[in-house]
Amino acid sequence: DVKVTQSSRYLVKRTGEKVFLECVQDMDHENMFWYRQDPGLGLRLIYFSYDVKMKEKGDIPEGYSVSREKKERFSLILESASTNQTSMYLCASNLWGDQPQHFGDGTRLSIL
Amino acid sequence: AQTVTQSQPEMSVQEAETVTLSCTYDTSENNYYLFWYKQPPSRQMILVIRQEAYKQQNATENRFSVNFQKAAKSFSLKISDSQLGDTAMYFCAFMKPGSGSRLTFGEGTQLTVNP
């Protein structure tokens, strides 16, 4: 079974802090994704990566950056956290193309 | 750009009964993939079912089946013999081939199965 692991289940940070959310997958998947989940809005794609050191913006990249130095690890970075970034963050991966995405358990991030 | 709409924010059903969750989407593509994902209170998103647009036959996975109406751009999920463990948020999602596996999600439907 594919395992996608997010480093924290809950996280509380202060405005202006630099925040790192980490995600690791164990199945040698090519693609990795970061989503934000908000009530009534579903999941929205922030960034995705289709290879090491490669990244593409999703639908809501503002205020975020990402890093993929190794194939199995994809990090989401909030450069200067703001209260409107309080949300649930989900990481996902898939092998390639039209294969289903596998998700982590999510990180519920609160910015105070 | 593609959009996905789930018009039912909340639904409930009695155990052992059948329930249908609706999903509509908008696209100019002819070939694409549609998915239903389930997110129980544990938060782990689980793939329920997958449909390829070029296949006329509706996908089925045990108690879960879809009614895929390509012309109407409708992709509803039917859950038969509902069980308490089906209580979850359900998301409909769209993927365009060649888009880097990007998924566009609907808003979600919270389904509660009552004993």
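All of the points below concern the structure found in this document. This is a predicted model, so every value here is computed, not measured.

About the cut-offs
- Residues numbered from 1 in each chain as written.
- Chains lettered and ligands numbered in written order.
- Predicted model: local features only at pLDDT ≥ 70, side-chain atom pairs only at ≥ 80, totals over all residues.
- Heavy atoms only, no water.
- Helix = DSSP H or I, 4+ residues; strand = E, 2+ residues; numbered from the N terminus.
- Polar contact = N/O pair within 3.5 Å; in protein donor to acceptor, adjacent residues only side chain to side chain.
- Contact = heavy atoms within 4.5 Å.
- Buried area = accessible area lost by both parts, 1.4 Å probe.
- Salt bridge = Lys/Arg side-chain N within 4 Å of Asp/Glu carboxyl O.
- Nonpolar A, V, L, I, M, F, W, Y, C, P; charged D, E, K, R; others polar.
- Buried < 20%, exposed > 50% of the residue type's maximum accessible area, 1.4 Å probe, protein only.
- Pairing = 2+ DSSP bridges.
- Axes fitted to C-alpha atoms, helices over the stretch in contact; angles between N-to-C directions.
- Core = buried A, V, L, I, M, F, W, Y, C linked by side-chain atoms within 4.5 Å.

For the rest of this paragraph, the subject is the side chain of Thr 27 of chain B. Residues and elements named next belong to chain B. Note on placement: Thr 27 falls in the loop between strand E4 (24-26) and strand E5 (33-39). Here the side chain of Thr 27 touches Gln 2 through a polar contact of 3.4 Å, side chain to side chain. The contacts of Thr 27, once residues within four sequence positions are left out, are Gln 2, Tyr 32, Lys 73 and Phe 94.

By a widespread convention, an interface's size corresponds to the accessible area lost as its parts come together. Counting residues at the interface gives 20 residues for chain B and 30 residues for chain A. Each partner contributes to the roughly 1900 Å² buried at the junction of chain B and chain A, and carbon and sulfur atoms together form 46% of this total. Together, Arg 43, Ser 101 and Arg 102 of chain B form the three largest contributors to the area buried by chain B at its contact with chain A, with a combined 36%. Taken together, chain B and chain A are joined by two salt bridges. The partner of Asp 98 of chain A in a salt bridge is Arg 50 of chain B, with the nearest N and O atoms 3.2 Å apart. Connecting chain B to chain A are 13 residue pairs in polar contact (both at pLDDT 80 or more). Put simply, the parts of the chain that give the side of chain B that touches chain A at least two residues each are E5, strand E6 (46-52), strand E10 (88-95) and strand E11 (103-105) of chain B. Examining the composition of the side of chain B that touches chain A, we find that four residues originate from one element, E5 of chain B, more than from any other. For the side of chain B that touches chain A, the per-class residue count stands at nine nonpolar, seven polar and four charged.

So, about the pairing of strand E4 (residues 31-38) of chain A. Residues and elements named next belong to chain A. Taking burial as the measure, the eight residues of E4 include eight buried ones, the bulk of the element. Burial along E4 is two-sided: Asn 31, Phe 33, Tyr 35 and Gln 37 facing one way and Met 32, Trp 34, Arg 36 and Asp 38 facing the other are all buried. Across seven bridges, E4 lies against strand E9 (residues 87-94) in antiparallel orientation. Bridging across to E9, Met 32 finds its partner in Ser 93.

Residue and element names in this part refer to chain A. One open sheet accounts for four strands, arranged E1-E3-E8-E7; its pairing is antiparallel. The open sheet terminates on both sides in strands that have one partner only, identified here as strand E1 (4-6) and strand E7 (64-70). Between one strand axis and the next, the sheet turns through 20 degrees on average, direction left out of account. As judged from the six bridges shared by strand E3 (residues 19-25) and strand E8 (residues 73-78), these two strands associate in the antiparallel manner. The partner of Glu 22 across the bridge, within E8, is Ser 75.

Here we take up the environment of Arg 50 of chain B. Looking at the secondary structure, you find Arg 50 of chain B in strand E6. C-alpha separation for the pair Arg 50 of chain B and Ala 93 of chain B, spaced 43 residues apart in sequence, amounts to 9.5 Å. Among residues more than four places away in sequence, those in contact with Arg 50 of chain B are Asp 98 and Pro 100 of chain A together with Tyr 33, Leu 34, Phe 35 and Ala 59 of chain B. Of the polar contacts made by the side chain of Arg 50 of chain B, one reaches the side chain of Asp 98 of chain A; its length is 3.2 Å.

Before going further, it helps to examine the nonpolar core. A general trend in soluble globular proteins is that nonpolar side chains are found buried together. Residues and elements named next belong to chain B. Formed by 25 residues in total, the largest nonpolar core has its most connected members in Tyr 25, Trp 36, Phe 75, Leu 77 and Tyr 90. It is E10 that provides the largest number of residues to this core, a total of four residues. Excluding residues that lie within four positions of it along the chain, Tyr 90 makes contacts with Gln 6, Leu 21, Trp 36, Tyr 37, Lys 38, Val 48, Phe 64, Leu 77, Ile 79, Gly 108, Thr 109 and Leu 111.

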